[in-house]
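Descriptive structure summary
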Amino acid sequence: MVERKLLVLFGSQTGTAQDTAERIGREAKRRHFQCRVEALDSYDVANLINELLVVFVCATTGQGDPPDNMKMFWRFLFRKNLPPGSLCQLDYAVLGLGDSSYPKFNFVAKKLHKRVLQLGGNPLLPAALGDDQHDLGPDAVVDPWLLALWDKILALYPLPPGLEIISPDVRLPPKYTLHYLAEDSPHADGGLLQPAAPRAVPSELRPFAARLVSNQRVTAESHFQDVRLIEFDITGSGITFSAGDVVMIQPQNCPEDVQQFCQLLRLDPDRRFVLKPTEPGTSLPALLPQPCTIRHLVTHYLDISCVPRRSFFELLSYFSTNELEREKLQEFSSAQGQEELYSYCNRPRRTTLEALWDFPHTTCAIPPEYLLDLIPRIRPRAFSIASSVLAHPDRIQILMAVVRYKTRLSKPRRGLCSTWLASLNPEQGDVRVPLWVKKGGMKFPTDPDTSVIMIGPGTGVAPFRAAIQERVAQGHRGNCLFFGCRQKSKDFYCQSEWEELVTKGFLTLFTAFSRDQACLPAAWPAAGSEQRSCARGGPDSPVPCAQCHRVGPADRAVTSSGDSRGWSLLGVVPTHPSRLQRAGSPGRSQSLVPLGLDGREEAAPVAQLPAVQSVVGRAAEGLASITVSPLSRRSRRGPQ
């Protein structure tokens, strides 16, 4: 009889693909398969030729890019020297998760399906393409596709005689068992903030405990948004980086939320335990020390501030002793209840902790060993590095907006990482933050004769500050920055730094302040008009006047409520790769690079903005070409 083994491999950036892969794993166990669920880069891809049955679940990020935890697999799979028939014994299926508002919708899943087919794999079904934009989310595609997939798989690998599919009413065992230790047992030191091993490059599994040097607010106290310039000391870490790179920071839950969580579940936060896998071959969570306290588990590992997914309510329903709560939980976990779940969770951005508060009878009955199945781990947050190692040796700086906004819930929504970082005070002792650096998708020209035009409104200016510092330290001129914000007096980040560089001749600066409109005429011409300057600048001038620093306000996108988050003149991360060609003097080129990670969801293609085409085009008169280089924009997700 053919061995009934199933391998589920996932590539996930925000956790959605991992959650779906684990769902497939649970359904496989109900059908009595030996099933492993692994991240693609954790799996030894050389063993793929020996696999008989594999389901791939992969997200697409940015401009058709694979997630971080499948990039090594991706490079290996597309090696040209792989034999065409190397996967001839493999039965496979591909499930993609993407967003149809992006040009390269589910590009990774489509390309993966085609590549495995080229290598001789036998597809069980056409690739499924889940869409975030669907009213019911990706599950609108996932649910029917999984039903068809199990029909195909059970036809090839039927149930053993005498066995039936385990009913959905039966609760599966947890991934780990939790064993409490006696209070007098010896304590072991461990945790996220242990220094990385000597000579080891800091990574997600071995973050560097960087000392917080400064935490400075750079917006006026009267301004609605709190933006911080934060500096870390990385002396002795071995970390190297250049302009355009990204620092990953591992946040933690606030003590108040940890205390509430423990009270709700009636847990002793200082109780110590060890984890043991339920099934042989299951690895322990890499970021949890053994032994560990409940407080450490909840503070550093369980993401109690994330918006809970459908699988959370499905598992929670098994613990419910209250009929009304159980019915509601089962509704949220059903295919028919996804619209109701979206209204309850996603639209108001309700957190896991708040959801637990709403189901008190169920929450107090949750067995502790199911916590790691129920709640996902806290994921690291990415920030564009806002400094150059040439200007600030052994230091990393970030420019961070503290995320805080209102929904229909009474309590304001707060970003986990930004709120935690903003609360840290280096004057209160030795404050440490776990971090590491990874390569960014933004590349700057190395040729000193190449000028660079950079468009970075708001905190999107962060990577360009690093680039300008780096280029100035190397003596490179030809730096042109377009910066925009609301008011010059309240949120003009790094103003004195830019003005000093302008004075020294290292920087050409164009600014736009959307709320400082005292010098604007009553009506501006349409976006297609030739007249794009303020009253003092002249009809054909592409540059702002000295008093108002304004460029092309006709292209400012402002809603009727006065919300200018869609400020389109300077652009935000472009969603479409485009090129603008300008005739000019031969032999010289200039790069136009879009802004970096600033945590915003709204985005407009820079090359499609009339003001950018006009203003930047005129500013670059005489240049052979301007290239608009798209930077990967993150998928829709919760706040940082």
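Residues numbered from 1 in each chain as written. Predicted model: local features only at pLDDT ≥ 70, side-chain atom pairs only at ≥ 80, totals over all residues. Heavy atoms only, no water.

Quick notes on the pattern of salt bridges
- A full pass over the atoms with the stated rule returns 27 salt bridges.
- Residues Arg23 and Asp143 are paired through a salt bridge, measuring 2.8 Å at the closest nitrogen-oxygen approach. On the criterion of sequence distance, the pair formed by Arg23 in helix α1 (residues 16-30) and Asp143 in helix α4 (residues 139-156) is long-range, its members being 120 residues apart.
- On the basis of relative accessible area, Asp143 is assigned to the buried category, the value being 14%.
- Asp270 is the salt-bridge partner of Arg295, the closest N and O atoms lying 2.9 Å from each other. Of the two residues, Arg295 is situated in helix α6 (residues 294-300) and Asp270 in the loop between α5 (255-265) and β11 (272-277); the sequence distance between them amounts to 25 residues.
- If you follow the salt bridges from partner to partner, you end up with Arg23, Glu27, Asp139, Asp143 and Arg310 in one network. (Salt bridge = Lys/Arg side-chain N within 4 Å of Asp/Glu carboxyl O. Helix = DSSP H or I, 4+ residues; strand = E, 2+ residues; numbered from the N terminus. Buried < 20%, exposed > 50% of the residue type's maximum accessible area, 1.4 Å probe, protein only.)

A few points about the packing of aromatic side chains
- Under the counting rule described, the total for this entry stands at 14 aromatic pairs.
- Between Phe444 and Phe464 the ring centres are 6.2 Å apart and the planes differ by 90 degrees, which places this aromatic pair in the edge-to-face class. With Phe444 in the loop between β17 (432-438) and β18 (451-455) and Phe464 in helix α14 (residues 462-473), this residue pair connects regions lying 20 residues apart in the sequence. The pair formed by Phe444 and Phe464 is uniform in burial state, with each residue classed as buried.
- Members of the aromatic cluster, connected to one another through ring pairs, are Phe312, Phe313, Phe332 and Tyr344.
- The ring of Phe33 is capped by Arg4, whose NZ or CZ atom sits 3.9 Å from the centre of that ring.
- Of note, Arg477 hangs over the ring of Phe506, and the distance from its end group to the ring centre comes to 4.3 Å. (Phe/Tyr/Trp six-rings, centres within 6.5 Å; stacked < 30°, edge-to-face > 60°. Lys NZ or Arg CZ within 6 Å of the ring centre and 35° of its normal.)

What to know about unusual backbone geometry
- For the bond from Gln290 to Pro291, the omega torsion is -5 degrees, close enough to zero to count as cis.
- Here Pro291 lies in the loop between β11 and β12 (292-293).
- Of note in this structure, Arg349 is not a glycine but carries a positive phi near 60 degrees.
- Along the chain, the position of Arg349 falls in the loop between α9 (338-346) and α10 (352-358).

Overview of the UniProt feature "binding site: FAD" (unreviewed entry) in the protein chain
- Listed under "binding site: FAD" (unreviewed entry) in the UniProt record, and renumbered for this structure, are Arg349, Arg381, Ala382, Phe383, Ser384, Gly415, Leu416, Cys417 and Ser418.
- Note that Ser384 resides in strand β13 (residues 381-384).
- With respect to the helices and strands, Leu416 occurs in helix α13 (residues 416-423).
- Residue class for Leu416 comes out buried when judged on its relative accessible area of 11%. (UniProt positions renumbered as here; feature names shortened; annotations may be inferred.)

So, the sheet that holds strand β10 (residues 246-249)
- Read from one edge to the other, the open sheet built from six strands follows the order β13-β10-β17-β8-β9-β14, with strand pairing classed as antiparallel. Because the sheet does not close on itself, it has two edges, and the strands there are β13 and β14 (395-401). Taken over all neighbouring pairs, the strand axes of this sheet differ in orientation by 40 degrees on average, direction set aside.
- For β10 and β13, the ladder comprises four bridges, and the chain directions are antiparallel. Across the sheet, the residue bridging to Ile249 is Arg381, located in β13.
- Against the sheet, α13 engages β8 (208-217), β9 (227-233), β10, β13, β14 and β17, with an angle of about 120 degrees to β14. (Pairing = 2+ DSSP bridges. Axes fitted to C-alpha atoms, helices over the stretch in contact; angles between N-to-C directions. Contact = heavy atoms within 4.5 Å.)

Some remarks on the nonpolar core
- Membership of the largest hydrophobic core comes to 39 residues, with the highest contact counts inside it found for Phe261, Leu297, Leu302 and Phe313.
- Examining the composition of this core, we find that five residues originate from one element, α5, more than from any other.
- Beyond its immediate stretch of four places on either side in the chain, Leu297 contacts Phe273, Leu288, Cys292, Leu302, Leu371 and Leu372.
- Formed by 28 residues, the second largest nonpolar core is a distinct cluster that contains Val461, Ala462, Ala467 and Phe483. (Core = buried A, V, L, I, M, F, W, Y, C linked by side-chain atoms within 4.5 Å.)

Points about the confidence of the model for the protein chain
- Put simply, the protein chain has an average pLDDT of 82, and 78% of its residues get 70 or more.
- Taken together, the stretch residues 192-197 has pLDDT below 50 and engages in 13 contacts with residues farther than four places along the chain or on a different chain. (pLDDT = per-residue confidence, 0-100.)

Some points on α1
- A rise of 1.5 Å per residue sets the reference length of α1, with its 15 residues, at 21 Å; its end C-alpha atoms lie 22 Å apart and thus fit the reference within 8%.
- Looking at the residues trailing α1, positive phi occurs at His32, about 65 degrees. (Expected span 1.5 Å × (residues − 1).)

Notes on the sheet that holds strand β7 (residues 176-180)
- Sheet architecture is open: three strands sit in the order β7-β11-β12, paired in antiparallel fashion. Each edge of the sheet is formed by a strand with only one pairing partner; in this case those strands are β7 and β12.
- Inspection of the sheet shows β7 paired to β11 by five bridges, in the antiparallel sense. Across the sheet, His179 pairs through a bridge with Val274, a residue of β11.

Some remarks on a positive patch on the surface
- Where like charges cluster on the molecular surface, the positive patch consists of Arg404, Lys406, Lys411 and Arg414.
- Relative to the assigned elements, Arg414 resides in strand β16 (residues 413-414).
- Residue classification places Arg414 among the partly exposed positions, given a relative accessible area of 46%. (Patch = residues over 30% accessible without salt bridge, like charges linked within 9 Å, V, L, I, M, F, W, Y side chains within 5 Å. Areas by Shrake-Rupley, 256 points an atom, 1.4 Å probe, with all protein chains shown as cover. Lys, Arg positive; Asp, Glu negative; His and termini not counted. Charge placed at Lys NZ, Arg CZ, Asp CG, Glu CD.)

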